[in-house]
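Residues per chain are reported as follows:
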Amino acid sequence: MEAGQQVAARIGFLRRQLMDREPGSLRGAYLAVPTHERPVLQGTTAPALTKLWQQRPSGLITPATSTTQPIDLIQVYLTFKEIFGFPADPAYPVKQLRALPLGIVLQFCAELLNALSRPGASRPDVDRAFATQWLKEPIRTRVLNQLRDPRRALVVPQALMLLARAAVDHSPDSLPDGAKPGDLIGALLTLSDVIGLSSEGGPTVIVDQPGDLGREMIANQYFNNNTSIPHTLARYVRRWRELPQQLAGSDGMVDLPAVYEQCTGVTLDDLTVVAGALWAAACNGNVLTSAAELEALLPAGRAAKALSLISADLDTLRRAVQSERAQRHTEWTFDAFQQRPVVRLGDEFLLVMDQRYLIDRAFGWLPIQDVRFPPDSHPRPANHEKLAGRAVRTLRRFSEFYVSEVLHSITGQGATRRVYDDAELKDAFQGKKQKIADAAVDYGDTWVVVEVTTSQLQRDAATAVPGNAQVKDIDKLLEEVHQIDATIQALRRDESRLTGVTSSIRRRYLPLLLLTEGFPVNPVSMTVIRERANKMGLLQGQDVMPLEIIDVEELEQIEALQEQQGVSLLTIIQRKQSSNLERTSMRSFLSDTLTTPLSHPQRFEGQIRKALGPLEAALLKRDQHETSASETSQVCD
């Protein structure tokens, strides 16, 4: 065949491949040029919308080029039927718990909860270890095969807490001699399966009301939010240690450590020693600690006094669980364990139920509750109510001051002014009814207007109690959004009153609500808060970007990212708002998009050691005492 015939044959082949399936009326004397980036449907010149399809972890089939969707962030737990091949009996857990000693059940739950919350823990590793240790063949192999899917999980933290709570209700302190123990593993896996079966149902379309499904999603995220322990400890140093020394007495603020000791009879140092020692042991896999070990760290009686604030014996735990049941508890209510994360087993051992609860209880916001509600064993100061109120306001002010520090750290200390704090905003936009946000950050063509709030989800909202609790909490946040909205309007009218310079740039405004104690940001909560803000006429105008909500830990993560890669707060939020994860948390967006793990901000250097300094000093003093006692004994011998 001649070269010309070969070319003609090749063109004919391509024409058949590209055009034989097209209607005659559409055929033309042209050829489509398919490329790797622009494939066409065989027999046509029509470009293919996508060349490949994939099944996502959620089970959806999507184009291979599609990015992560919010549903892909949801982990799916193995069902009881998937594990055993038959449906679960909802009555099974209570039957088994009545034949299991309470201490055994609590220790079992604590071992798994601490394995999941240990720094650097791998959930897949915990799941595989659980299946290997507790399941028999052929179920073990079936489960291990199912767990090869990285989005499937086995050990459910909520089920562990429900098992512990149910055991407090139904398990005896001990079993009669010769009694056959109940099925602990079966009880746990049954609870994992029946969670949510008592749901009331109701509308699932989310607008400005979360509905039953939305309430559950918000409570789920609130419960499973894993805060970083180094971040918590670093903030503790600033809020509870350093700022009280720097700012005590100014603007009515009080010395928090001094007030804590005055109201509780326990020093923050002693609380740090006790909680820090228990946490360190749990990190090393020892959820049980001898009470004598703690007593050796402090002078006589002081360890027991500090421990009394964060621990409960079995009888006290039972009373606490009964009390919370009387207060409309749900499948997310674990007040007794959050307030008393250490369980005293007799006089000898201390059990850390979950180190997350322990760290929050001793180093987060919760110590202020000891000031508000002191132990009955300690006499209250004569002016207690007033003093406690000042302490709460002081902690709120320190939290806001800390956020301002992080914002200044993120934006740098260059010659160009970037961050304007609330005092400067108030001076610039004075007026009887003028509301002002806490900060405004100038990014040239965009103002980031920031309102900081220490508001937290109230108990009913955090635990999905049916009703309007979550809407009420969201409406409280919208009161803060009013501050942002008013500041945006003031900047629109005349920003030169703040900056001293008239700008010809067409500005945009990014409203940023920053919660120091966290908030469950997800497609449900963000939809509700934005819809309700829109109905109130807030944040209107094409120059206003969507409201963004982040917590202080996420702001610290952005600070670290800015230090490492030079990317700004504004750029990160813009990237998030243009992604499919726009209505998820900033933490989820960062973990999905970053290729390298974040380290801590440079400010954290030395802070963690400073937070645990009293423990280090107590350990050193104990070791010196033991060495001295040993030397004395040798001399006597």
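Residues numbered from 1 in each chain as written. Predicted model: local features only at pLDDT ≥ 70, side-chain atom pairs only at ≥ 80, totals over all residues. Heavy atoms only, no water.

## A word on empty space enclosed by the protein
Consideration 1: In this structure the tally under the stated criterion is two cavities of 30 Å³ or more.
Consideration 2: Quantified by volume, the largest cavity comes out at close to 50 Å³.
Consideration 3: Lining the largest cavity are Ser455, Gln456, Leu457, Asp473, Lys476, Leu477, Leu515 and Phe519.
Consideration 4: Top contributing element to the lining of the largest cavity by residue count: helix 22 (residues 469-494), with three residues.
Consideration 5: Across the lining of the largest cavity, the residue classes tally to four nonpolar, two polar and two charged.
Consideration 6: Put simply, the second largest cavity is a space of about 40 Å³.
Consideration 7: If you trace the second largest cavity, you find it lined by Pro124, Asp127, Arg128, Leu147, Asp149, Pro150 and Arg152.
Consideration 8: Split into classes, the residues belonging to the lining of the second largest cavity amount to three nonpolar, no polar and four charged. (1 Å grid on protein atoms, 1.4 Å probe; cavity = no way out; pocket = protein on both sides within 12 Å on 5 of 7 lines; lining within 4 Å. Points joined across faces, edges and corners; volume = space filled by probe spheres on them. Helix = DSSP H or I, 4+ residues; strand = E, 2+ residues; numbered from the N terminus. Nonpolar A, V, L, I, M, F, W, Y, C, P; charged D, E, K, R; others polar.)

## Focus on the sheet that holds strand 7 (residues 342-345)
Consideration 1: The sheet built from four strands is open, its strands ordered 5-8-7-6 with mixed pairing. Only two strands of the sheet have a single neighbouring strand rather than two, namely strand 5 (288-290) and strand 6 (311-313). Across the sheet, the mean angle separating the axes of adjacent strands is 30 degrees when strand polarity is ignored.
Consideration 2: Examined bridge by bridge, strand 6 and strand 7 share three bridges and lie parallel to one another. Of the residues in strand 7, the one forming a bridge with Asp313 is Arg344.
Consideration 3: The strands that helix 4 (residues 102-117) touches are strand 5, strand 7 and strand 8 (349-352); relative to strand 8, the one it contacts most, it runs at about 45 degrees. (Pairing = 2+ DSSP bridges. Axes fitted to C-alpha atoms, helices over the stretch in contact; angles between N-to-C directions. Contact = heavy atoms within 4.5 Å.)

## Here's the deal with the confidence of the model for the protein chain
Consideration 1: Per-residue confidence for the protein chain averages 87 on the pLDDT scale, and 86% of its residues sit at or above 70.
Consideration 2: Throughout residues 631-637 the model reports pLDDT below 50, and contacts reaching past four residues in sequence, or to other chains, amount to zero contacts. (pLDDT = per-residue confidence, 0-100.)

## Observations regarding the sheet that holds strand 11 (residues 446-453)
Consideration 1: Taken together, five strands build an open sheet; the order of strands is 9-10-11-12-13 and the sheet is mixed. Of all strands in the sheet, those bounded by a partner on one side alone are strand 9 (419-421) and strand 13 (548-551). Adjacent strand axes in the sheet meet at a mean angle of 25 degrees, parallel and antiparallel pairs treated alike.
Consideration 2: As paired elements, strand 10 (residues 439-442) and strand 11 share four bridges and run antiparallel to each other. Across the sheet, Ala439 pairs through a bridge with Val450, a residue of strand 11.

## A short note on unusual backbone geometry
Generally, phi is negative for residues other than glycine and the peptide bonds are trans, each holding for most cases.
Consideration 1: Here Glu137 and Pro138 are connected by a cis peptide whose omega angle stands at 0 degrees.
Consideration 2: Take Pro138: it is sitting in the loop between helix 5 (123-134) and helix 6 (139-146).
Consideration 3: Positive phi, close to 55 degrees, is recorded for Leu539, a residue that is not glycine.
Consideration 4: Along the polypeptide, Leu539 turns up in the loop between helix 24 (523-535) and strand 13.

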